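# Coordinates in review
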Amino acid sequence: MTAHPGLFALLDMASVGVPTIGLIVWQLVSINREIARDKTDRPEPSPERPGHAIGEHRLDDR
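As the structure is a prediction and not an experimental result, all values here were calculated from the model.

So, on to the overall build of the protein chain. Regarding its fold elements, the protein chain presents one helix and zero strands. Within the protein chain, the proportion of its 62 residues that are buried is 0%. Of the roughly 6,000 Å² that the protein chain leaves accessible, carbon and sulfur atoms contribute 63%.

Together, Leu7, Phe8, Leu10, Leu11 and Met13 make up a nonpolar patch on the protein surface, roughly 540 Å² of accessible area in all. In this structure, Leu7 sits in helix H1 (residues 5–40). On the basis of relative accessible area, Leu7 is assigned to the partly exposed category, the value being 46%.

Counted under the stated rule, the structure contains one salt bridge. Across the salt bridge formed by Glu34 and Arg37, the nearest N and O atoms sit 2.9 Å from each other. In this pair, Glu34 and Arg37 are both assigned in helix H1, three residues apart and thus about one turn of the helix distant. Classification of Arg37 by relative accessible area gives partly exposed; the value is 44%.

Conventions and cut-offs
- Here the residue numbers are simple positions, counted from 1 along each chain's written sequence.
- Reporting in this predicted model follows two pLDDT cut-offs: at least 70 for local features of residues, and 80 or more for side-chain atom pairs to be given and counted; totals over whole chains, interfaces and linings ignore these cut-offs and use all residues.
- Side-chain metrics in this entry use all non-hydrogen atoms of the structure; hydrogen atoms and water are not considered.
- The helix count covers DSSP runs of H or I at least four residues long, the strand count covers runs of E at least two residues long, and both are numbered beginning at the N terminus.
- Residue burial is assigned from relative accessible area. The probe radius is 1.4 Å, only protein chains are included, and a residue is buried under 20% of its type maximum, exposed over 50%, and partly exposed in between.
- Areas reported as accessible are Shrake-Rupley estimates using a 1.4 Å probe. Residue values count occlusion only from the protein chains shown.
- A patch consists of residues exposed above 30% relative accessible area that lack any salt bridge, with like charges linked at up to 9 Å and nonpolar side chains (Val, Leu, Ile, Met, Phe, Trp, Tyr) linked at up to 5 Å.
- A pairing counts as a salt bridge when a side-chain nitrogen of Lys or Arg comes within 4 Å of a carboxyl oxygen of Asp or Glu.

Structure follows, in structure tokens:
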């Protein structure tokens, strides 16, 4: 019985590639869910809170 190096290479690529692709897809789904969750949890703007994302000062305080 002769060994087929191409078959072993294909098995090696599949054993590494399939979990890697699965991990990539899982991370993308997880990041997208977290972004969507952050968008829905954002509080409404109020006069007491800063007017921009950094939060150093209000926009009218220059």
